[in-house]
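Understanding the architecture of this molecule
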Amino acid sequence: MKILLISALIATFSFSAVVDDYLDSLKQEVLKENPSFKGFDAKRGEQIFTSKHIGKKGKEISCTSCHGVDLSKSNENFFTGKVIEPLSPKANKKRFTDIAEIEKWMKRNFNDVYVREGTALEKGDVTTYIINQ
Ligand code: HEC
């Protein structure tokens, strides 16, 4: 019974340990450039996630173009029409469980929308926004 309960807890919270590690390493990076940095901000993250930019393919897009505005729901890829499962780790247990996977998509997706890589500050802010959706 105890074991069942513990494994249920681990399954529920597995994303948070990975996210804590990820946010912590981003924070160390930000602190190198800005020693007075206080912390990541979901409000700034929302701006990063929802604002529109002329993307890599010359079309005006935002992160929401592929992930939608309601991150607890699935959405269609703006370019391919393929279904993308919900981005919120509260709605989709597979989200934010693998740092390599998170990094790979952050790099690719920032490039799609901003035509450059995200900074540590931007990635920390946008992650803080997403995990609270
Ligand atoms: C052109 C479509 C598209 C845009 C625009 C886009 N994404 Fe994605 N994103 C994807 C696809 C496709 C995947 C990988 C498939 C999947 O995980 O469902 C993905 C995966 C991710 C993941 C991986 C999460 C995990 O742990 O599984 C994160 C984080 C992410 N996107 C964040 C962003 C952010 C932040 C932006 C805006 C800067 C953004 N995305 C814009 C298509 C997009």
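Residues numbered from 1 in each chain as written. Predicted model: local features only at pLDDT ≥ 70, side-chain atom pairs only at ≥ 80, totals over all residues. Heavy atoms only, no water.

**Points about the side chain of E122**
We count it as follows: Numbering of helices and strands runs from the N terminus, with a helix taken as a DSSP run of H or I at least four residues long and a strand as a DSSP run of E at least two residues long. Any N or O atom pair separated by 3.5 Å or less is treated as a polar contact, with the protein-specific requirement of one donor-capable and one acceptor-capable atom, and with residues adjacent in sequence counted only for side-chain atom pairs. Contacts were defined at the residue level, with two residues in contact if any of their heavy atoms lie within 4.5 Å.
If you trace the backbone, E122 turns up in helix 5 (residues 120–131). Polar contacts involving the side chain of E122 include one to the side chain of R116, which spans 2.8 Å. Ignoring anything within four residues of it in the chain, the contact list for E122 reads I48, F110, R116 and E117.

**Remarks on the side chain of T128**
Here is the rule: Only protein chains enter the calculation, and the probe is 1.4 Å; a residue is then buried if its accessible area is under 20% of its type maximum, exposed if over 50%, and partly exposed in between.
Its place among the elements puts T128 in helix 5. Take T128: its relative accessible area is 14%, and that puts it in the buried class. Within the structure, the side chain of T128 is placed 2.7 Å from the backbone oxygen of G124, a separation counted as a polar contact. If sequence neighbours within four positions are ignored, T128 has contacts with L23, F40 and A42.

**Notes on the packing of helix 2 (residues 42–50) against helix 5**
Keep this limit in mind: In this analysis, axes come from line fits to C-alpha atoms, helices being fitted only over the stretch in contact, and the angle between any two N-to-C directions falls in the range 0 to 180 degrees. Relative orientations are named as follows: roughly parallel for angles under 35 degrees, roughly antiparallel for angles over 145 degrees, roughly perpendicular for angles from 65 to 115 degrees, and oblique for any other angle. Polarity classes work like this: nonpolar for Ala, Val, Leu, Ile, Met, Phe, Trp, Tyr, Cys and Pro, charged for Asp, Glu, Lys and Arg, and polar for all others, with Gly in that last group.
Where helix 2 meets helix 5, the closest approach of the two axes is 7 Å, and the angle between their N-to-C directions is 95 degrees. Taken together, the axes of helix 2 and helix 5 lie roughly perpendicular to each other. Across the interface between the two elements, A42, R44, G45, E46, I48 and F49 of helix 2 pack against L121, E122, D125, V126, T128, Y129 and I130 of helix 5. Of the residues in the contact of helix 2 with helix 5, the class split is 7 nonpolar, 2 polar and 4 charged.

**Side note on the coordination of the iron atom of the ligand**
Test applied: Note on donors: an N, O or S atom is included if it sits within 2.8 Å of the metal, or within 3.2 Å for Na, K and Ca, and water is never included, so sites can look incomplete. A four-donor site is classed as tetrahedral when every donor-metal-donor angle falls between 85 and 135 degrees; four donors are called square planar, and six octahedral, when trans pairs exceed 155 degrees and all remaining angles lie between 65 and 115, with any other arrangement labelled irregular.
At the metal site, the iron atom of the ligand is ligated by H67 (NE2) and N109 (OD1), and these contacts range over 1.8 to 2.1 Å. Taken together, the 6 donor atoms surrounding the iron atom of the ligand define angles of 87 to 179 degrees at the centre, an arrangement classified as octahedral. Here the residue H67 occupies a position in helix 3 (residues 64–67), and N109 occupies one in helix 4 (residues 99–114), the gap between them amounting to 42 residues. The buried category is assigned to H67, whose relative accessible area is 14%.

**Topic: helix 5**
Heads up, the rule is: Take the number of residues in a helix, subtract one, and multiply by 1.5 Å to get its expected span.
In a regular helix each residue adds 1.5 Å, so 12 residues correspond to 16 Å; helix 5 covers 16 Å between its end C-alpha atoms and thus fits that length. With 11 of 12 residues buried, helix 5 is to be regarded as a mostly interior element. Listed as buried for helix 5 are A120, E122, K123, G124, D125, V126, T127, T128, Y129, I130 and I131.

**Quick word on helix 4**
Applied cut-off: Taken from the helix axis, the directions to the C-beta atoms give the arc we talk about.
Its 16 residues place the ends of helix 4 21 Å apart at the C-alpha level, agreeing with the 22 Å of an ideal helix rising 1.5 Å per residue. Those residues of helix 4 lying buried are I102, M106, F110, V113 and Y114. Along the long axis of helix 4, the arc covered by the buried residues comes to 75 degrees, so they all point the same way. Two residues or fewer after helix 4 comes V115, characterised by a positive phi angle close to 55 degrees.

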